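What follows is each chain in one-letter form.
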Amino acid sequence: MNNISTIISTFSEEDKREFLVFLQKKNRRGDTKNTALFKLIDGGKTKNLDIALYGKPSKNAYHALSKRLQDSLIDFVASKSFARETSEEMEIFKFLLASRIFFEHRQYKTAFKILNKAERIALRLDLYSILNEIYHTKIQYAHLHKDIHLPEVIKASEENNKRFQQEQQLNMAYATIKSKLRTKVKTPINELITNAFSTFDIELDKTLTYKSLFQLMSITATAARLQSDYYQVSPFMLSIYHLISEKKELADKHLFYHIEILNLMAMTHFRNKNFEASMKFSEKMKEEMLKKNRLYYNRFREKLTTIEALNANYTNNAALAIDKLQSYPSESLDIELTLVMSLFQQREFSDAYQLIRNMYHSDQWYERKAGWIWVLKKNIIEILLLIELDKLDLVLSRLQSFKNKFSKRLKELGETRVINFMQLVSYYYEHPDEVTSNIFKEKVEKSFEWVGPEREDVFVMSFYAWLKAKMQGRDLYETTLDLVRQTK
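Residues numbered from 1 in each chain as written. Predicted model: local features only at pLDDT ≥ 70, side-chain atom pairs only at ≥ 80, totals over all residues. Heavy atoms only, no water.

1. Side note on the packing of aromatic side chains
- Scanning the entire structure with this criterion turns up 27 aromatic pairs.
- Ring plane angle 85 degrees and centroid distance 4.9 Å describe the contact between F103 and F112, whose orientation is recorded as edge-to-face. Judged on exposure class, the residue F103 and its partner F112 are both buried.
- Ring geometry for Y428 against W466: centres 5.4 Å apart, planes inclined by 90 degrees, an arrangement best described as edge-to-face. In this pair, Y428 sits in helix α23 (residues 416–430) while W466 sits in helix α25 (residues 458–472), placing the two residues 38 residues apart along the sequence.
- Of the aromatic side chains, those joined through ring pairs into one cluster are F11, F19, F22, F38 and F76.
- The residue whose ring lies beneath R294 is Y297, and the NZ or CZ to ring-centre distance is 4.2 Å. (Phe/Tyr/Trp six-rings, centres within 6.5 Å; stacked < 30°, edge-to-face > 60°. Buried < 20%, exposed > 50% of the residue type's maximum accessible area, 1.4 Å probe, protein only. Helix = DSSP H or I, 4+ residues; strand = E, 2+ residues; numbered from the N terminus. Lys NZ or Arg CZ within 6 Å of the ring centre and 35° of its normal.)

Below you can see the structure in the form of structure tokens.
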């Protein structure tokens, strides 16, 4: 069941609908229990599934059904993945396979013609592993074509091998960086990257491929998000983007990666409170999403809506932000949590809390779907909402639950500021009359390791703004905007 739940957690709402249609077509008889099992697991039910399906304990039948459902899920994912592959890449595989068949049937002229076509496409797409197979085939049959100069083919193969090895080195560097990020020791991302590149003899220069530069930018942004420190990685992200910009002739060829890169840059600038630059990147992102008959528009619409709404919200246009978020047509956890935050800042506490209450899945389910940081933010803002709504009977239990769930992991990650913030929230709950006192202000000052307004992450500032608004008796949204403007 865990395997099935994990697979389903990767599905979008559209994927789920398509899978149910896939199941209905696959079912040869009127047995719909596989569909029923899928819906139960998707709904978060994990216990006594055999009783729910058969009306009585039936472990053997349940396990057989689970196996069939898991096989169907894997078939669906595999077939959908093939369908999503770019047509050009699939063409290369077809051409390579076809050429080998023609070689076996001694149709050498046709075989070489198809193989050369596969090589041209693979070179244009920087597909080094596929090119290895193409050159292997070409060298194998080179003696059968009078116009093929074997030394030139061997040279091309060797050069491709060097590029392939470089890509392998990068993959190992990425894996090393990701592994280090999971350790308890909090190492600055710049240091992690420098050490990994030194270990695998890699240099950050224009010889790196478009895809490699994207992967490097992606892992850098992931580390920044996990450490809530986009300020430190900003120069490095800009250096990578500069190298990518020098390859602008490849942007359309790598349109998917190009849109991802623009989104990463937009989010990095936003988290550093450089909203003007962030909005420019989101505008570029939207332009690219409209290319190729909007090929990737739906794929990136969620990310675009999120960054546009965030920029609007933090540039004193909360109404536009809320409208964008509420108008989003599909289900999205990121959209929903951003909307909760925006409504909270506008003192629309009841509406914000209703959205939280509608999030009825377990924290484990949400962590699989949206990540641990998303779950952490959800729990913090829920406690703040309960305090604002005077649901004080729930506050104590939520505070204790938060401590039990998150304290150990936060300490391991060195995120003491979150722990200190929640301790202050707890203190405010127990002593609300002291919030404007000098004693409480001193307690706040001693509880945080301040890194300065330019370096501080915008989301960290937003949570602190709630405390500051309480201490100063001011409006939360105005206090939030004043804090983020300190960097200007």
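Let's pick the thread back up.
2. Here's the deal with empty space enclosed by the protein
- Scanning the model with the defined rule gives 1 cavity of 30 Å³ or more in all.
- Taken as a whole, the largest cavity spans an internal volume of roughly 40 Å³.
- As for the largest cavity, its lining consists of S5, I8, S9, K16, I41, D42, W365, R368 and K369.
- Listing elements by their share of the lining of the largest cavity, those giving two or more residues are α1 (2–9), α3 (33–42) and α20 (363–370).
- For the lining of the largest cavity, the class distribution of residues is 3 nonpolar, 2 polar and 4 charged. (1 Å grid on protein atoms, 1.4 Å probe; cavity = no way out; pocket = protein on both sides within 12 Å on 5 of 7 lines; lining within 4 Å. Points joined across faces, edges and corners; volume = space filled by probe spheres on them. Nonpolar A, V, L, I, M, F, W, Y, C, P; charged D, E, K, R; others polar.)

3. What about helix α8 (residues 128–140)?
- With 13 residues, α8 should reach 18 Å at 1.5 Å per residue; the first-to-last C-alpha distance of 18 Å fits that figure.
- Every buried residue belonging to α8 is among Y128, I130, L131, N132, I134, Y135, T137 and K138, and all of these are buried. (Expected span 1.5 Å × (residues − 1).)

4. So, a nonpolar patch on the surface
- On the surface, a cluster of nonpolar side chains totalling about 200 Å² of accessible area is made up of I139, L150 and I154.
- Mapped onto the secondary structure, L150 falls in helix α9 (residues 150–181). (Patch = residues over 30% accessible without salt bridge, like charges linked within 9 Å, V, L, I, M, F, W, Y side chains within 5 Å. Areas by Shrake-Rupley, 256 points an atom, 1.4 Å probe, with all protein chains shown as cover. Salt bridge = Lys/Arg side-chain N within 4 Å of Asp/Glu carboxyl O.)

5. Quick look at the pattern of salt bridges
- A full pass over the atoms with the stated rule returns 18 salt bridges.
- Across the pair R474 and D482 runs a salt bridge, and its minimum N-O distance is 2.5 Å.
- Relative accessible area serves as the criterion here: at 33%, R474 is assigned to the partly exposed category.

6. Some words on a positive patch on the surface
- On the surface, K109, K113, K117 and R120 cluster together into a patch of positive charge.
- Within the fold, R120 resides in helix α7 (residues 108–124).
- Look at R120 and you get exposed, because its relative accessible area is 52%. (Lys, Arg positive; Asp, Glu negative; His and termini not counted. Charge placed at Lys NZ, Arg CZ, Asp CG, Glu CD.)

7. Focus on the packing of helix α11 (residues 210–227) against helix α13 (residues 255–271)
- Across the interface, α11 lies against α13 with an axial gap of 10 Å and an inter-helix angle of 30 degrees. Between α11 and α13, the angle is such that the two are roughly parallel. Along this stretch, α11 crosses α13, giving a crossing that reads as left-handed. Contact residues: α11 offers Y210, K211, F214, M217, S218 and A221, while α13 offers Y257, H258, E260, I261, L264 and M265. (Axes fitted to C-alpha atoms, helices over the stretch in contact; angles between N-to-C directions. Parallel < 35°, antiparallel > 145°, perpendicular 65-115°, else oblique. Left-handed = near helix turned anticlockwise from the far one by under 90°. Contact = heavy atoms within 4.5 Å.)

8. Observations concerning unusual backbone geometry
- Although it is not a glycine, D201 adopts a positive phi angle of roughly 55 degrees.
- Position of D201 among the secondary structure elements: in the loop between α10 (189–199) and α11.
- D201 sits in the exposed class, given a relative accessible area of 70%.
- Positioned with a positive phi, N316 is a non-glycine residue whose angle comes to about 65 degrees.

9. As for the nonpolar core
- Residues M217, F270, Y314, F402, V425, F440 and W466 are the most contacted members of the largest nonpolar core, which totals 114 residues.
- Element by element, the count of residues in this core is highest for helix α21 (residues 372–388), at 12 residues.
- Core analysis: the second largest hydrophobic core is formed by 23 residues, F103, F112, I130 and Y135 among them. (Core = buried A, V, L, I, M, F, W, Y, C linked by side-chain atoms within 4.5 Å.)

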